[in-house]
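Take a look at the letters that make up each chain.
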Amino acid sequence: MDLQKFMNNLVAKHPGEKEYLQAVREVLESLEEVLDANPQFEAAGILDRIVEPDRILTFKVPWVDDHGKVQVNLGYRVQFNNAIGPYKGGLRFHPSVNLSILKFLGFEQIFKNSLTTLPMGGGKGGSDFNPKGRSDAEVMRFCQAFMLELWRMIGPETDVPAGDIGVGGREIGFLYGMYKKLAHENTGVLTGKGINWGGSLIRPEATGFGATYFAKEMLATKGQTFAGKTVAVSGFGNVSWGVVTKVTELGGKVVTISGPDGYIYDPNGISGEKIDYMLELRASNMDVVAPYADEFPGSEFHAGKRPWEVKADVAMPCATQNELGVDDAKKLVANGVTCVAEGANMPCTPEAVETFQHAKVLFGPGKAVNAGGVATSGLEMTQNSIKMGWTSEEVDAKLHHIMVSIHNSCVKYGTEKDGYINYVKGANIAGFLKVANSMLDQGIL
Ligand code: NDP
Ligand code: 2IT
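Residues numbered from 1 in each chain as written. Chains lettered and ligands numbered in written order. Predicted model: local features only at pLDDT ≥ 70, side-chain atom pairs only at ≥ 80, totals over all residues. Heavy atoms only, no water.

## Some points on the overall build of the protein
Part 1 of the argument: Counting its secondary structure elements, the protein contains 17 helices and twelve strands.
Part 2 of the argument: Relative to the globule expectation of 22 Å for 445 residues, the C-alpha radius of gyration of the protein, 21 Å, shows essentially globular dimensions.
Part 3 of the argument: Principal axes of the C-alpha set define a box for the protein whose edges measure 60 × 55 × 45 Å.
Part 4 of the argument: Here the protein, with 445 residues, has 56% of them falling under the buried criterion.
Part 5 of the argument: Sequence separation of at least 24 residues holds for 72% of the intrachain contacts in the protein that already meet a minimum separation of 6.
Part 6 of the argument: Of the roughly 17500 Å² of accessible surface on the protein, 53% is carried by carbon and sulfur atoms.
Part 7 of the argument: Separation between the mean location of the 43 positive side-chain charges and that of the 51 negative ones in the protein comes to 2 Å. (Helix = DSSP H or I, 4+ residues; strand = E, 2+ residues; numbered from the N terminus. Rg over C-alpha atoms; globule rule 2.2 N^0.38 Å. Buried < 20%, exposed > 50% of the residue type's maximum accessible area, 1.4 Å probe, protein only. Contact = heavy atoms within 4.5 Å. Areas by Shrake-Rupley, 256 points an atom, 1.4 Å probe, with all protein chains shown as cover. Lys, Arg positive; Asp, Glu negative; His and termini not counted. Charge placed at Lys NZ, Arg CZ, Asp CG, Glu CD.)

## Details of the site of ligand 1
Part 1 of the argument: Lining the immediate environment of ligand 1, one finds 23 residues, of which Asp 164, Thr 207, Asn 238, Asp 287 and Asn 345 sit closest.
Part 2 of the argument: Contact between ligand 1 and Phe 236: an oxygen atom at 3.0 Å from a main-chain N or O atom of the residue.
Part 3 of the argument: Note that an oxygen atom of ligand 1 is positioned 2.9 Å from one of the backbone N or O atoms of Val 239.
Part 4 of the argument: Burial of ligand 1 by the protein chains amounts to 86% of its free accessible area of 860 Å².
Part 5 of the argument: At the level of secondary structure, the elements contributing two or more residues to the shell around ligand 1 comprise helix H8 (203–220) and helix H9 (238–249). (Near = heavy atom within 4 Å. Polar contact = N/O pair within 3.5 Å; in protein donor to acceptor, adjacent residues only side chain to side chain.)

## Quick notes on the sheet that holds strand S6 (residues 230–233)
Part 1 of the argument: Strand order in the open sheet made by the seven strands is S9-S8-S7-S6-S10-S11-S12, with mixed pairing throughout. Of all strands in the sheet, those with a lone pairing partner are strand S9 (300–303) and strand S12 (362–364), marking the two edges. Here the strands of the sheet are splayed against their neighbours by 15° on average, with no regard to which way each runs. (Pairing = 2+ DSSP bridges. Axes fitted to C-alpha atoms, helices over the stretch in contact; angles between N-to-C directions.)

## Some details on the site of ligand 2
Part 1 of the argument: Taken together, 14 residues lie around ligand 2, and Lys 88, Lys 112, Asp 164, Arg 203 and Ser 377 are the ones closest in.
Part 2 of the argument: One of the side-chain N or O atoms of Lys 124 is found 3.1 Å from an oxygen atom in ligand 2.
Part 3 of the argument: Within the backbone of Gly 163, an N or O atom sits 3.0 Å from a nitrogen atom of ligand 2.
Part 4 of the argument: Contact with the protein chains covers 94% of the free accessible surface of ligand 2, which is 300 Å².
Part 5 of the argument: Of all the secondary-structure elements, those providing two or more residues to the shell around ligand 2 are strand S3 (87–93), helix H5 (99–115) and helix H15 (371–386).
Part 6 of the argument: When grouped by side-chain class, the residues that make up the shell around ligand 2 number two nonpolar, seven polar and five charged. (Nonpolar A, V, L, I, M, F, W, Y, C, P; charged D, E, K, R; others polar.)

## Digging into the sheet that holds strand S5 (residues 159–162)
Part 1 of the argument: With respect to topology, five strands assemble into an open sheet ordered S1-S2-S4-S3-S5, the strand pairing being mixed. Both outer strands of the open sheet, strand S1 (55–64) and S5, are each paired with one neighbouring strand and no more. Across the sheet, the axes of successive neighbouring strands diverge by a mean angle of 20°, strand direction being ignored.
Part 2 of the argument: Where H5 meets the sheet, its contacts fall on S1, strand S2 (70–81), S3 and strand S4 (122–127), and the angle it forms with S4 comes to roughly 150°.

## Comments concerning the packing of helix H2 (residues 18–37) against helix H17 (residues 423–442)
Part 1 of the argument: Running from N to C, H2 and H17 cross one another at 70°; their axes reach a closest spacing of 9 Å. Relative to H17, the element H2 is oriented roughly perpendicular. Of the two possible hands of crossing, H2 and H17 adopt the one that is right-handed. Counted together, Glu 26, Val 27, Ser 30, Leu 31, Glu 33, Val 34 and Leu 35 of H2 and Val 424, Lys 425, Asn 428, Ile 429, Phe 432 and Leu 433 of H17 form the full contact between these two elements.
Part 2 of the argument: For the contact of H2 with H17, a count of residues per class yields eight nonpolar, two polar and three charged. (Parallel < 35°, antiparallel > 145°, perpendicular 65-115°, else oblique. Left-handed = near helix turned anticlockwise from the far one by under 90°.)

Written as structure tokens, this is what we have:
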């Protein structure tokens, strides 16, 4: 199959959708052999069908701010593919949100969810709403206005949204409350719910914990562990917090976190009360990490810079897409990095990924590394269905098991002739095969 021609057509069809096209290209590059070996996929138009969302809902979200001013944001839900289960994926509230970003995230989610071993399709949604500096009351009014449109599209067996950037426990609470009121039902339609009203233990920690379990498996292929390793992390949100917590527990030393204002270098390690302080920083809604340096002497704030210039054994980018470029990758490699695991979705640019792979550095893509978040969302859905709650230990054990199984799939489909594990290829092939075969079984839809 002529993948270049396919890609050219897609670019012509969706001009300017940079992130979406980047994500599709990365997956297609991994699938060449599989498509050649399985002509039935081309005959059934699997590729043409899998790259287009089933449907996209866009809507306006009018709301009134604390000063009585009318604000209008844009809302979206991209229902990408439901071949293996209900659409499932987060909601992102960030001023940068546009259709290209949500299509890239929804597309990635199809394969990520397939890798989890659980029955979930792919979707994503969100808004260009900027939570920065907004009061709780404003966030509530926005979430209620957003749900006033979205609720028609979702349901526990059709589409189950969750959190992502800018959407955490507080937002899920407001969204769920409004859904319940409109739908007259108390079902598990969102995940990441509060523990008193249907949430799962470990869901807040799950993405970061899962990412660390995955990185631990990657290191184990080289006979290494986290003990004594220096780890560079970016972001200071939900995923970063989980990673910093678990890496520290496993004996690693996290020396960086970052925000849009710059990064913190703490050579003494970010542990104990410093991890709790990350939550305070985040809750302040001010989008800055700089105050950390005033709070903890011995640490430094580097304004306007990214943490990838620091010498680290392991790098875990956990902020946002395309936050680690080729120059950053070169610095990390020159400084002897052995493992790069993407906590965020697509944080490394294609050129950065190529740099790591060329240097034979262990490189784990987001759709495998950060799948523990949505996997635990799947476990939350199961607990809601059986109307029971599992203990932290039970959920954590299942999460751990799932991460090991995703790692095994990557090894199975990604190991190259020289023994190097190409996790990008492995994750894409394993994720794709399950969905593509399901689509074949179900006819042209
Ligand atoms: P949070 O909102 O909790 O944190 C996001 C972090 O990334 C913050 O530090 C944020 O800073 C920073 N950030 C966001 N956008 C930008 C930007 N354009 N430039 C610089 N920094 C930015 O989100 P999460 O921790 O939940 O999400 C982080 C990443 O992990 C995302 O890629 C998300 O898609 C991915 N992910 C999340 C999962 C989850 O369950 N939450 C599951 C799997 C993946 P600020 O807000 O101040 O801009
Ligand atoms: O990118 C992701 O996997 C998420 N934001 C989590 C999605 C979910 O449904 O839990």
